[in-house]
Amino acid sequence: MTSTSRPRIAVVGGSITGPVTALLLLHAGFDDVTVYEAAPASAPLGGGLIGLEHPALDVLDRLDIPQHEFVAHDSEAIVQMTIRDRHPAETIRRTYPGRNTTWTLLHQALTRRLPAGVLHTGMKVTALAEQTGQPELWFRDGHTEAADLVVFADGRSSTGRRLLDPDRNLRYAGYVAHRGIADTTPEPGLRDFLRLQPCPGAQFNLAPVPGGCDWTFYLNCTSSEYAQRFGADPTRRVFALPRHVGPAARTHVDTHADLLLPADHAAVVHATTTRMAVPVLDITPPQRMVWPVGAGQAVLLGDALAPVRPHTARGANNGIEQAAGLAAALTQHRKYAADLTAALHGWQRRHLPAAVAAVHRGPAIGHQLGLGTQTAQ
Ligand SMILES: Cc1cc2nc3c(=O)[nH]c(=O)nc-3n(C[C@H](O)[C@H](O)[C@H](O)COP(=O)(O)OP(=O)(O)OC[C@H]3O[C@@H](n4cnc5c(N)ncnc54)[C@H](O)[C@@H]3O)c2cc1C
């Protein structure tokens, strides 16, 4: 990848971090950018509420994505309630320095802006090799593609991380984020993000989304209970999709809602047909983001670099901020012949501390809430 060439950039992962990276690079004038996404185009869209802070919102602004396209309710309020005997006992109101979106709204806003031919779905990357001094991606269907720069934005169980940084394994943290999208809300006209704290070992979050509300119910759960309820170990089934949520998992969540939540919130849980679950995972903090592959480079970003606990509300924020930093470093290289290796290492030096801090912050928050059993190393 020299400053005079037309670098081939392969982005692995077409969820949030990958499309943001591709759009930023296209806007910066890189014109050979391809996004490879393992899921087929017909895969059902799922995924709930995501809070984005101002730096990430500003990146989306610079991509000319109007905020109303992905922010359905523009409240900045977080209403935190301590619950006793299923009734609110104490309420604290905070202001969030950002806005809430949903994975679905954001993913659609991003991917509809990718020019035709950039996003290739149904393309699962299985390996990265050095071929005649350049990185080469291998796909499940036997296909190969050469690139000068490979950007792995392939999420929690990243193939890129397994290949580039194989000693950093995922560890189950001992609790589950049960999620649902309901077509009702506990109160009409709800605009704010609600956080209900009934007792140690449980937290319930709820916020309005188009057509109803999105809730997340954190409950402790052993690894074997997870496997019984969702059909595989938590480090293997890192997302339990609606088809994996059987009657036992539903009953477990409904029972806890009846025991711990105010009646109107428990009713929303009961009425929710579409449910998912996400096991909370920890990972050894990353020490690097960039690897040379022959004369080319490979980088990890977003959840591929470091999935962080949802309470930190930093996963998507980190991915978007890292993508913007990467696009800036590559632009300096292309426009002004900045040394590429130095530019990438400067990028790493700026973004690694925030990723490491979020990895550490997750277990500290979990501990305060009585959730989970393990700590990050
Ligand atoms: C309950 C909950 C609440 C959250 N709340 C927040 C919040 O408030 N704020 C926040 O910032 N973050 C939040 N997050 C985290 C946020 O959702 C993630 O950090 C974010 O979705 C990560 O995006 P990503 O694009 O890096 O990875 P992912 O969304 O995991 O996407 C990875 C993509 O890569 C694809 N892929 C995987 N392997 C391959 C392969 N081998 N080849 C090709 N493609 C592949 C996958 O199919 C997927 O589309 C929350 C998470 C949860 C579970």
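Residues numbered from 1 in each chain as written. Predicted model: local features only at pLDDT ≥ 70, side-chain atom pairs only at ≥ 80, totals over all residues. Heavy atoms only, no water.

(A) Layout of the packing of aromatic side chains. For the structure on display, the rule yields 6 aromatic pairs. Geometrically, the ring pair formed by Phe204 and Trp215 is stacked, given 6.0 Å between the ring centres and 25° between the ring planes. Here the residue Phe204 occupies a position in strand S14 (residues 202–209), and Trp215 occupies one in strand S15 (residues 212–220), the gap between them amounting to 11 residues. You'll find Phe204 and Trp215 in the same group, each marked buried. With 4.8 Å between their ring centres and 45° between their planes, Tyr226 and Phe230 make a pair best called tilted. Residue Tyr226 and its partner Phe230 are both found in helix H5 (residues 223–230); the two are separated by 4 residues, about one turn of the helix. A residue is classified by how much of its surface remains accessible, and Tyr226, at 0% relative accessible area, is buried. Aromatic rings pair up to connect Tyr172, Tyr226 and Phe230 into one cluster. (Phe/Tyr/Trp six-rings, centres within 6.5 Å; stacked < 30°, edge-to-face > 60°. Helix = DSSP H or I, 4+ residues; strand = E, 2+ residues; numbered from the N terminus. Buried < 20%, exposed > 50% of the residue type's maximum accessible area, 1.4 Å probe, protein only.)

(B) The environment of Gly346, seen in detail. Relative to the elements of secondary structure, Gly346 occurs in helix H9 (residues 340–368). Through-space distance from the C-alpha of Gly346 to that of His54 is 23 Å; in sequence the pair is 292 residues apart.

(C) The sheet that holds strand S17 (residues 290–293), seen in detail. If you walk across this open sheet you meet the 6 strands as S7-S2-S1-S11-S18-S17, and the pairing is mixed. Looking at strand neighbours, the two that pair on one side only are strand S7 (119–121) and S17, the edges of this open sheet. The average undirected angle you get between the axes of adjacent strands in this sheet is 20°. The pairing of strand S1 (residues 9–12) with strand S2 (residues 33–37) spans 4 bridges and is classified as parallel. Each residue of the ladder has a partner; that of Val11, found in S2, is Val35. Most of the contacts of H9 go to strand S18 (residues 296–300), to which it runs at about 5°, and overall it touches S17 and S18. (Pairing = 2+ DSSP bridges. Axes fitted to C-alpha atoms, helices over the stretch in contact; angles between N-to-C directions. Contact = heavy atoms within 4.5 Å.)

(D) Representation of the site of the ligand. Ser15, Thr17, Glu37, Gly51 and Asp303 are the nearest of the 28 residues found near the ligand. Glu37 places a side-chain nitrogen or oxygen 2.6 Å from an oxygen atom of the ligand. A distance of 3.0 Å separates an oxygen atom of the ligand from a polar atom in the backbone of Asn317. Out of a free accessible area of 1,000 Å², the ligand has 86% covered by protein chains. At the level of elements, S2, strand S3 (49–53) and helix H8 (315–336) are the ones that each hand at least two residues to the shell around the ligand. (Near = heavy atom within 4 Å. Polar contact = N/O pair within 3.5 Å; in protein donor to acceptor, adjacent residues only side chain to side chain. Areas by Shrake-Rupley, 256 points an atom, 1.4 Å probe, with all protein chains shown as cover.)

(E) Expanded view of the packing of helix H6 (residues 247–260) against helix H7 (residues 263–270). Two elements in contact, H6 and H7, have axes whose closest approach is 8 Å; the angle formed by their N-to-C orientations is 170°. Considering their axes alone, H6 and H7 lie roughly antiparallel with respect to each other. Residues Arg250, Val253, Asp254, Ala257 and Asp258 of H6 pack against Ala266, Val269 and His270 of H7. (Parallel < 35°, antiparallel > 145°, perpendicular 65-115°, else oblique.)

(F) Broad picture of the layout of surface pockets. Its boundaries defined by the atoms lining it, the second largest pocket holds a volume of some 170 Å³. Looking at the second largest pocket, the residues that line it are Ser157, Ser158, Arg161, Arg162, Pro166, Arg168, Asn169, Leu170 and Thr235. Partitioned by chemical class, the residues of the lining of the second largest pocket number 2 nonpolar, 4 polar and 3 charged. (1 Å grid on protein atoms, 1.4 Å probe; cavity = no way out; pocket = protein on both sides within 12 Å on 5 of 7 lines; lining within 4 Å. Points joined across faces, edges and corners; volume = space filled by probe spheres on them. Nonpolar A, V, L, I, M, F, W, Y, C, P; charged D, E, K, R; others polar.)

(G) Fine view of helix H1 (residues 17–27). Of all the 11 residues making up H1, 9 are buried; the element is thus mostly covered by neighbouring parts of the structure. Every buried residue belonging to H1 is among Thr17, Gly18, Pro19, Val20, Thr21, Ala22, Leu23, Leu24 and Leu25, and all of these are buried. Residues of H1 that are buried make contact with S1, S2, helix H2 (54–62), helix H3 (103–111), strand S11 (149–152) and H8. Gly29 lies just past H1 and shows a positive phi near 100°.

(H) Main features of the domain arrangement of the protein. Assigned domains within the protein: domain 1 (9–67 + 103–169 + 284–368) and domain 2 (74–99 + 172–282). Here the C-alpha centroids of domain 1 and domain 2 sit 28 Å apart. The partner domain 2 presents 25 residues to the 20 residues of domain 1 that form the contact. Of all residues in domain 1, Leu49, Arg156 and Arg309 give up the largest surface area on contact with domain 2, accounting jointly for 38% of the area buried on that side. There are 1 salt bridge connecting domain 1 and domain 2. Taking the shortest distance from any N to any O, the salt bridge between Arg309 and Asp282 comes out at 2.5 Å. If you look at where domain 1 meets domain 2, you find 12 residue pairs in polar contact (both at pLDDT 80 or more). Those elements that place two or more of their residues in the side of domain 1 that touches domain 2 are S3, H2 and H9. Per-element accounting of the side of domain 1 that touches domain 2 gives the leading share, 5 residues, to S3. Considered class by class, the residues forming the side of domain 1 that touches domain 2 number 7 nonpolar, 10 polar and 3 charged. (Domains from an automatic or database assignment. Buried area = accessible area lost by both parts, 1.4 Å probe. Salt bridge = Lys/Arg side-chain N within 4 Å of Asp/Glu carboxyl O.)

(I) Highlighting empty space enclosed by the protein. Counting across every chain of the model gives 3 cavities of 30 Å³ or more. Lining the largest cavity are 15 residues, with Leu49, His73, Asn100, Ala207 and Pro208 positioned closest to its centre. Within the lining of the largest cavity, the residues separate by chemical class into 9 nonpolar, 4 polar and 2 charged. Here the second largest cavity defines a volume of roughly 50 Å³. In terms of lining residues, the second largest cavity is bounded by His178, Arg179, Trp215, Phe230, Val245, Ala249, Arg250, Val253, Arg275, Met276 and Ala277. Going through the elements one at a time, strand S12 (170–182), H6 and strand S16 (274–283) are the ones with two or more residues in the lining of the second largest cavity. Of the residues belonging to the lining of the second largest cavity, the class tally is 7 nonpolar, 1 polar and 3 charged.

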